[in-house]
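Secondary and tertiary structure notes
Here's the letter readout for the chains.
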Amino acid sequence: MPSCGSCGVSVNESDNFCSKCGHKLIFENEQKELPEYVKKARLLYRNAYQTWSSEDDLKLKELYLQGKSKQELCDYFGRNFGAIRARIQKLGLE
Ligand SMILES: [Zn+2]
């Protein structure tokens, strides 16, 4: 059974929101159709809404420190500008 990404309580795959904390549930590996907003975003950015792996974080850090522009980083990671910027800030790079 999947669990809530926010509080960790077990949830049903058919639920859209966690019954305990109200967190919006997104199941990464489900067979179900992706929500429309994710499909639309992925037409432009192939990795939109994917979680960042530790390899991605390392690569982002490496490329950022090499002086790549955010546009290049968007292209490389297949994510939008906001996602790249937020991740750079989260990693404490700027
Ligand atoms: Zn929850």
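Residues numbered from 1 in each chain as written. Predicted model: local features only at pLDDT ≥ 70, side-chain atom pairs only at ≥ 80, totals over all residues.

1. Some thoughts on the overall build of the protein
In terms of helices and strands, the protein carries four helices and zero strands. Secondary structure of the protein in N-to-C order comes out as α-α-α-α. Taking 2.2 N^0.38 as the reference for a compact globule, 94 residues should give roughly 12 Å; the C-alpha atoms of the protein span a radius of gyration of 15 Å, well beyond that estimate. On the principal axes, the C-alpha backbone points of the protein span a range of 45 × 25 × 20 Å. Per-residue burial for the protein yields a buried fraction of 9% across its 94 residues. (Helix = DSSP H or I, 4+ residues; strand = E, 2+ residues; numbered from the N terminus. Rg over C-alpha atoms; globule rule 2.2 N^0.38 Å. Buried ≥ 20, exposed ≤ 12 C-beta atoms within 10 Å, placed from the backbone.)

2. Re the domain arrangement of the protein
The extent of an interface is frequently quoted as the accessible surface area lost upon association of the parts. Per the domain assignment, the segments making up the protein are domain 1 (1-30) and domain 2 (36-90). On a C-alpha basis, the centres of domain 1 and domain 2 stand 24 Å from each other. (Domains from an automatic or database assignment.)

3. Some words on the nonpolar core
Burial of nonpolar side chains together is a common tendency in soluble globular proteins. Counting five residues, the largest nonpolar core consists of Leu 60, Leu 73, Phe 77, Ala 83 and Ile 84. Of all elements in the fold, only α3 (70-77) and α4 (81-90) reach the threshold of two or more residues within this core. Residues contacting Ile 84, with those up to four places away along its chain left out, are Lys 70, Leu 73, Cys 74, Phe 77 and Arg 79. (Core = buried A, V, L, I, M, F, W, Y, C linked by C-beta atoms within 7 Å. Contact = placed C-beta atoms within 7 Å.)

4. Quick look at unusual backbone geometry
The backbone of Tyr 49 sits at a positive phi, close to 70 degrees, despite the residue not being glycine. Looking at the secondary structure, you find Tyr 49 in the loop between α1 (36-44) and α2 (54-65). Judged by local crowding, Tyr 49 falls into the partly exposed class, with 16 C-beta atoms found within 10 Å.

5. A look at the packing of α2 against α3
As a packed pair, α2 and α3 sit with axes 11 Å apart at the nearest point and diverge in direction by 150 degrees. Classified by the angle between their axes, α2 and α3 sit roughly antiparallel to one another. You can see that α2 and α3 cross each other, and the crossing is right-handed. On α3, the residues that touch Asp 56, Leu 60, Leu 63 and Tyr 64 of α2 are Leu 73, Tyr 76 and Phe 77. Here the residues of the contact of α2 with α3 sort into six nonpolar, no polar and one charged. (Axes fitted to C-alpha atoms, helices over the stretch in contact; angles between N-to-C directions. Parallel < 35°, antiparallel > 145°, perpendicular 65-115°, else oblique. Left-handed = near helix turned anticlockwise from the far one by under 90°. Nonpolar A, V, L, I, M, F, W, Y, C, P; charged D, E, K, R; others polar.)

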